[in-house]
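Spelled out, the chains give:
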Amino acid sequence: MFKIASWLLGFAFGAAVGAALVALLVPETSDEITHRFKSGYTEAMEAARQASVQRRAELEAELNRMQGNA
């Protein structure tokens, strides 16, 4: 049990140190990073919506074909 706790503590400490170093050494401001993440999220969601609409149309066409409604 002590080995697991020790490993988790070391992992958490390493993650905290890594996050702090990234925050200090990144050449962008926090506003730029936030904007980049938000725009990336928006682009990914739009791509997912488009793929969903396309796949739904494909599945509906296949269903109609299988039911003989085509």
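All values reported here derive from a predicted model rather than from experimental measurement.

## A word on the environment of asparagine 64
As for its position among the elements, asparagine 64 is in helix H2 (residues 30-67). Separated by 14 residues in sequence, asparagine 64 and glutamine 50 have C-alpha atoms that sit 21 Å apart.

## Focus on the pattern of salt bridges
Counting across every chain of the model gives 3 salt bridges. Residue arginine 55 pairs with glutamate 58 through a salt bridge whose shortest N-O separation is 3.3 Å. Highlighted residues: arginine 55 and glutamate 58, both in helix H2, separated by 3 residues, approximately one helical turn. According to the relative accessible area criterion, arginine 55 is partly exposed, its value standing at 45%. Between arginine 56 and glutamate 60 there is a salt bridge, and its shortest N-O distance comes to 2.9 Å. Highlighted residues: arginine 56 and glutamate 60, both in helix H2, separated by 4 residues, approximately one helical turn. Exposure remark for arginine 56: the relative accessible area of 57% places this residue in the exposed category.

## Some remarks on the packing of aromatic side chains
For the structure on display, the rule yields 1 aromatic pair. Note on tryptophan 7 and phenylalanine 11: the rings are 5.4 Å apart at their centroids and 15° apart in plane angle, and the pair reads as stacked. A residue pair is termed a helical-turn pair when its members lie 3 or 4 positions apart in one helix, as tryptophan 7 and phenylalanine 11 do in helix H1 (residues 2-25) at 4 residues. When sorted by exposure, tryptophan 7 lands in the same class as phenylalanine 11, which is exposed.

## Digging into a nonpolar patch on the surface
Residues Phe13, Val17, Leu21, Leu24 and Leu25 make up a contiguous nonpolar surface patch of roughly 570 Å² in combined accessible area. If you trace the backbone, valine 17 turns up in helix H1.

Cut-offs used in this document
Residues numbered from 1 in each chain as written. Predicted model: local features only at pLDDT ≥ 70, side-chain atom pairs only at ≥ 80, totals over all residues. Heavy atoms only, no water. Helix = DSSP H or I, 4+ residues; strand = E, 2+ residues; numbered from the N terminus. Salt bridge = Lys/Arg side-chain N within 4 Å of Asp/Glu carboxyl O. Buried < 20%, exposed > 50% of the residue type's maximum accessible area, 1.4 Å probe, protein only. Phe/Tyr/Trp six-rings, centres within 6.5 Å; stacked < 30°, edge-to-face > 60°. Patch = residues over 30% accessible without salt bridge, like charges linked within 9 Å, V, L, I, M, F, W, Y side chains within 5 Å. Areas by Shrake-Rupley, 256 points an atom, 1.4 Å probe, with all protein chains shown as cover.

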